[in-house]
Amino acid sequence: MTQIPIRRALISVYDKQALPDLARGLHERGVEIVSTGSTAKTMKAAGVPVTTVEDLTGFPECLDGRVKTLHPKVHAGLLADTANPAHATQLNNLGIEPFQLLVSNLYPFEATVASGATPEECVEQIDIGGPAMVRAAAKNHANVAVITDPKRYPDVLQAAADGGFTLEQRRRLAADAFAHTAAYDIAVASWFASHYAPDEVAADTGWPAVAAAQWRRASVLRYGENPHQRAALYAGANDGITSAELLHGKQMSYNNYVDADSARRAAFDFTEPCVAIIKHSNPCGIAIGADLADAHEKANACDPVSAFGGVIATNGTVTAAMARQVAEVFTEVVIAPDFEPAALDILTKAKNIRLLRCAPPGGGPAVEWRPVTGGMLMQTTDLVREPGDDPANWELKAGAPASPAQLKDLAFGWKACRSVKSNAILLATAGASVGVGMGQVNRVDSARLAVTRAGARAAGSVAASDAYFPFPDGLEILIQAGVRAVVEPGGSIRDNLVIEAAEQAGVALYFTGVRHFYH
């Protein structure tokens, strides 16, 4: 029999949601409850008899509550192997009773840090007794069940009624408990490395010597990038695609997630209604418009062949007007902050489309991680917020100033170009991409690809380049196609040749002084 009846429980929690119901349920099932400070007060207020830890240990809580449960009568009760006769004898001699259940969750360290609290306030929210108890109970899962998540309280009451948790259940709970304390320690260690280890931080960069994070498996995917690869989705921060709600359609694939994340990244670079259509992490169309239907129509027109089977992201609520247009083209995924009910009625008629509701990004992660063999690269997130991203700060290097309409398109193209894999060239007209050259190993080929995709639409368009032209040849391809204004970072040792080519052609050439590579 692997079940161990729950006769005695130790409860010490910071998060007291649903605590009274748990306490009453355990009491009704004959469980003796031992508790600490405010946890005990909450349960007593709910009419549940409680033995305080002070009464158990004969020693008062002290140091403003910093020391409560660090006592042999607590930890021996959690760590004793009751199947070991020597342990049972020692417990009897010491007058200590074992626990069969620990319910504990920890001080809100991460929430305190996120609130902007002072370092001293953050340090005060580092839990000591809680992790010690959780780890003790998890280690002794052969005899003790440990609960760290209030969502598990109904399971506790069910187990208490059924004769206790099984060994297999206690093992799973222990695994969750160790993950809980590991995540807590990672948060504390990462914060400390940034704030209290100045000798370990490079003074000129601010990068800590230790960086850590934890991800939890959210789902197992059918396969990875290719059918022979296994894959799973792991979730970390809540502000992202892993927290998206699947409203319709079959399970997301690995490639769906990659493309949806790229599409969402592109759409939210804009405050105007924007639609990005992504294929293999590259835009085959991106546009802003009077509304999302207008933006989608313009984005789809950029490359309707490639848009077939693409992933669409919007920065606003999908309307019925947009949905009717989307329904006419086979689409893998639509990801948006929300969908009008009428839009859902239209789109859910297609069996194979996936509809994801995902909240707008918040401030965005301060850093990005990328695994490499044997380690990890970290960088600050590339956002279109540098001084050089503002057209007011651009430097006109050749030609007459762009017209207001051209300048508006240049600003659009510059933002949109950030979402194109390097080397990137994007042609734009009227707030929409009309030709995209992406992912080429030289900028000449990217320019050729962009004008080829644009066709006749290249004439009179404007162009954005994510990095400088190392030679004038790439720019000359755009000029020959009829591009009338170009924005690029500048910075090549041959900038003078590029400027000269633009000047001779009468093409407006702006330098931003900032680059947006995307590998």
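Anything mentioned here points back to the structure above.
Residues numbered from 1 in each chain as written. Predicted model: local features only at pLDDT ≥ 70, side-chain atom pairs only at ≥ 80, totals over all residues. Heavy atoms only, no water.

S.K.: Got a minute to help me understand the side chain of Asp 389 in this structure?
M.R.: With respect to the helices, strands and loops of the structure, Asp 389 is situated in the loop between strand E15 (375-380) and strand E16 (395-398). Notably, Asp 389 is buried but unbridged: the nearest opposite-charge side chain belongs to Arg 418, and the N-O separation is 7.7 Å. At 2.8 Å, the side chain of Asp 389 and the side chain of Trp 414 are in polar contact. A distance of 2.7 Å separates a polar atom in the side chain of Asp 389 from a polar atom in the side chain of His 516. Once residues lying within four places of it in the same chain are set aside, the contact partners of Asp 389 are Leu 383, Val 384, Trp 394, Trp 414, Val 514 and His 516. (Helix = DSSP H or I, 4+ residues; strand = E, 2+ residues; numbered from the N terminus. Buried < 20%, exposed > 50% of the residue type's maximum accessible area, 1.4 Å probe, protein only. Lys, Arg positive; Asp, Glu negative; His and termini not counted. Salt bridge = Lys/Arg side-chain N within 4 Å of Asp/Glu carboxyl O. Polar contact = N/O pair within 3.5 Å; in protein donor to acceptor, adjacent residues only side chain to side chain. Contact = heavy atoms within 4.5 Å.)

S.K.: Any chance you could explain the pattern of salt bridges here in plain terms?
M.R.: Considering all chains together, one arrives at 14 salt bridges under this definition. Asp 155 is the salt-bridge partner of Arg 152, the closest N and O atoms lying 3.6 Å from each other. Look at Asp 155 and you get partly exposed, because its relative accessible area is 36%. The residue Asp 269 makes a salt bridge to Arg 418 at a minimum N-O spacing of 2.8 Å. With Asp 269 in the loop between helix H11 (254-267) and strand E9 (274-279) and Arg 418 in the loop between helix H16 (404-417) and strand E17 (425-429), this residue pair connects regions lying 149 residues apart in the sequence. You'll find Asp 269 and Arg 418 in the same group, each marked buried. A network of salt bridges, in which partner residues are shared, links Arg 152, Asp 155 and Asp 176.

S.K.: Where do I start with the packing of aromatic side chains in this structure?
M.R.: To describe a pair of aromatic rings, one takes the distance between the centres and the angle between the planes. Inspection of the entire model under this criterion finds four aromatic pairs. Considering the side-chain rings of Trp 215 and Trp 369, the 5.9 Å spacing of their centres and the 90° angle between planes classify their relative orientation as edge-to-face. Separated by 154 residues along the polypeptide, Trp 215 in the loop between helix H10 (167-195) and strand E6 (216-221) and Trp 369 in strand E14 (residues 367-372) bring together distant segments of the chain. Classification of Trp 215 by relative accessible area gives partly exposed; the value is 42%. With relative accessibility at 32%, the residue Trp 369 sits in the partly exposed group. In this structure, Lys 16 packs its charged tip against the face of Tyr 14, placed 5.8 Å from the ring centre. (Phe/Tyr/Trp six-rings, centres within 6.5 Å; stacked < 30°, edge-to-face > 60°. Lys NZ or Arg CZ within 6 Å of the ring centre and 35° of its normal.)

S.K.: Could you clarify how one ought to interpret the nonpolar core in this entry?
M.R.: Within soluble globular proteins, side chains that are nonpolar generally end up buried alongside one another. Ranked by size, the top nonpolar core spans 44 residues in total, and within it Ile 286, Leu 410 and Leu 426 carry the most contacts. Leu 410 has contacts with Trp 394, Ala 402, Val 462, Ala 463, Ala 485, Val 486, Val 487 and Tyr 510, leaving out every residue within four places of it along the chain. (Core = buried A, V, L, I, M, F, W, Y, C linked by side-chain atoms within 4.5 Å.)

S.K.: Before we go on, may I ask you to explain the environment of Arg 172 in this structure?
M.R.: Tracing the backbone through its elements, the reader meets Arg 172 in helix H10. As a C-alpha pair, Arg 172 and Ile 479 span 307 residues in sequence and 65 Å in three-dimensional space.

S.K.: Looking at this structure, I do not really get the state of the cysteines. What am I missing?
M.R.: By definition, a disulfide links the sulfur atoms of two cysteine residues through a covalent bond. Inspection of every chain in the model, using the stated rule, returns zero disulfides. Just so you know, Cys 302 is unpaired, no disulfide at all, and the nearest cysteine sulfur is the one on Cys 284, 7.5 Å from it. Its sulfur unpaired, Cys 358 is 15 Å from the next cysteine sulfur, which belongs to Cys 274. (Disulfide = S-S within 2.5 Å.)

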